[in-house]
Amino acid sequence: MTITTLAEKLNLIKLSGETDKEVASCYISDLLSRVLGGCQAGDIWITVQSSLNMVAVAVMTEASCVILPEGLAAPDNVIEKANEEDLAVFSSKESAYSLAIKISELYPKSQPLNHLYT
Amino acid sequence: MHNSEGLKLENKNDNSGVEVLKQRYEVSADDFASAGAASAAVKKTLKQLGFSPDFIRRTSIAMYEGEINMVIHGGGGVAEVGISENQVTITLTDEGPGIADINLAMKEGFSTASDTVREMGFGAGMGLPNIKKQSDNLSLISEVGKGTTLVITIAT
Ligand SMILES: Nc1ncnc2c1ncn2[C@@H]1O[C@H](COP(=O)(O)OP(=O)(O)OP(=O)(O)O)[C@@H](O)[C@H]1O
Ligand SMILES: [Mg+2]
């Protein structure tokens, strides 16, 4: 599944980024060092962190995209930085829990969530 | 090792015969707007040099954790990076408050981060354990009141 398909299926509001990468699994945490240790390359990262550090962490971990849940927005300078890095950041009205359920439903049951290169 | 933009490893190591590309970055204290800039630059360099995605990812994560620690805890400092064909060595030196108990600092969950820093998402006490996990060799030397030197080696 690609970022574009994900965004369509989940009704995500696009805040930044133009690339259409493959997405792997999903990782949810707001503690940046936990994310740096746990988020795998290609993962969809769901977080309430909307600072410049969020962009840096997404870039370092090679998360495929970031979703800010519960209608959260990101400041202009963060969007600008995310665009510079070509990082896709989305906002959604839904909670992290409901996003995760929907993401899981997007994958065929027979096909486990695979990481891109780990 | 070559790439399209002409970046290459040069023989800068006097007589060892090992080709090393050296980079040096100043890291400012409490500057969260540009925090991570050194790690981001190194990540780009490694990409240009054609290293494997996994090696680049491990190096980026380890260096970013170390860089952020200098920003938050170390009062800023200097990051020196040596890239050779088989490994990268990252030396982070600061003249901050130092670490009183290194074994404690290395433990998962130990953090002295302030509330302000925690509100930004740091302070899980996972930075140093993450660096250890991603690296092949780690040396942490610190003296209270003098500063901290962290040397991270990651092999390809
Ligand atoms: N450069 C440094 N100078 C002084 N103290 C440091 C330095 N680096 C780490 N420390 C000390 O070691 C502790 C643990 O560091 P570690 O990176 O593991 O966690 P953290 O930075 O507190 O939180 P996290 O990295 O999860 O955001 C810090 O809270 C701090 O007390
Ligand atoms: Mg840390």
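The numbers attached to residues start from 1 for each chain and follow its sequence in the written order. Chains carry letters and ligands carry numbers; both start at the beginning, A for chains and 1 for ligands, and go up in the order they are written. pLDDT decides what is reported in this predicted model: residues at 70 or higher carry local features, side-chain atom pairs at 80 or more are listed and counted, and totals for whole chains, interfaces and linings draw on all residues regardless.

### What about the sheet that holds strand β2 (residues 77–83) of chain B?
Residue and element names in this part refer to chain B.
Now for step 1: We treat two strands as partners when DSSP finds at least two bridges between them. For the purposes of this entry, the term helix denotes a DSSP run of H or I that reaches at least four residues, the term strand denotes a run of E that reaches at least two, and both are numbered from the N terminus. The strand order across the open sheet formed by five strands is β1-β2-β3-β5-β4, and the pairing between neighbours is antiparallel. With partners counted over all chains shown, the strands left at the sheet margins are β1 (21–27) and β4 (137–143), one partner each. Here the average twist between neighbouring strands, direction ignored, is 10°.
Now for step 2: Where strand β3 (residues 87–94) lies against strand β5 (residues 147–155), eight bridges are found, and the strand directions are antiparallel. From the neighbouring strand, L92 faces β5, where its bridge partner is L150.
Now for step 3: Two residues qualify as a contact pair if the distance between their C-beta atoms, derived from the backbone, is within 7 Å. As a rule, the C-alpha atoms of each element are fitted with a line to give its axis, helices using only the stretch in contact, and angles between N-to-C directions run from 0 to 180 degrees. On the sheet, helix α1 (residues 37–48) packs against β1 and β2 and is oriented at approximately 160° with respect to β1.

### What to know about the site of ligand 1
Now for step 1: Using a C-beta atom placed from the backbone, a residue is described as near a molecule or strand when that atom lies within 6 Å of it. Surrounding ligand 1, one finds 25 residues, the nearest of these being S33 of chain A together with G74, S111, F122 and G127 of chain B.
Now for step 2: Surrounding ligand 1 are residues belonging to chains A and B, so the site spans chains.
Now for step 3: Per-element tally for the shell around ligand 1: the top contributor is helix α2 (residues 53–72) of chain B, with three residues.
Now for step 4: Each residue gets one label: Ala, Val, Leu, Ile, Met, Phe, Trp, Tyr, Cys and Pro are nonpolar, Asp, Glu, Lys and Arg are charged, and the others, such as Gly, are polar. In terms of residue class, the shell around ligand 1 is made up of twelve nonpolar, twelve polar and one charged.

### Looking at the interface of chain B and chain A
Now for step 1: Taken together, the contacts link 21 residues of chain B with 18 residues of chain A.
Now for step 2: Mapped by element, the contributors of at least two residues to the side of chain B that touches chain A are α1, α2 and α5 (127–134) of chain B.
Now for step 3: Here the side of chain B that touches chain A is composed, by residue class, of eleven nonpolar, six polar and four charged.

### What about the nonpolar core?
Now for step 1: To define a nonpolar core, we join buried Ala, Val, Leu, Ile, Met, Phe, Trp, Tyr and Cys residues through C-beta atoms within 7 Å and take the resulting set. Burial is judged by counting the other C-beta atoms within 10 Å of a residue's own C-beta: 20 or more makes it buried, 12 or fewer makes it exposed, and any count in between marks it as partly exposed, with every C-beta position built from the backbone. By size, the foremost hydrophobic cluster in this structure holds 66 residues, and its most contacted members are I44, V55, A58, C65, V66, I67 and V89 of chain A.
Now for step 2: With nine residues, α2 of chain B is the single largest residue contributor to this core.
Now for step 3: Every residue in contact with C65 of chain A, bar those within four places of it in the chain, is listed here: I3, G17, V23, I44, A88 and F90 of chain A.

### Notes on the confidence of the model for chain B
Now for step 1: Mean pLDDT for chain B: 91, with 88% of residues reaching 70 or above.
Now for step 2: With a pTM of 0.92, the predicted complex shows an ipTM of 0.89. Here pLDDT means the predictor's own confidence in every residue, given as a number from 0 to 100.

### Re the environment of L10 of chain A
Residues and elements named next belong to chain A.
Now for step 1: The residue L10 is located in the loop between α1 (3–9) and β1 (13–16) in this model.
Now for step 2: On a C-alpha basis, the gap between L10 and C65 in space is 13 Å, while along the polypeptide they are 55 residues apart.
Now for step 3: Discounting chain neighbours no more than four positions away, the residues touching L10 are S92, L99 and K102.

### What about unusual backbone geometry?
Residues and elements named next belong to chain A.
Now for step 1: Even without glycine at this site, E62 takes up a positive phi of about 65°.
Now for step 2: Note on placement: E62 falls in the loop between α3 (52–61) and β4 (65–68).
Now for step 3: Look at D86: it is not a glycine, yet its phi comes out positive at around 55°.
Now for step 4: Of note, D86 is situated in the loop between α4 (76–84) and β5 (88–91).

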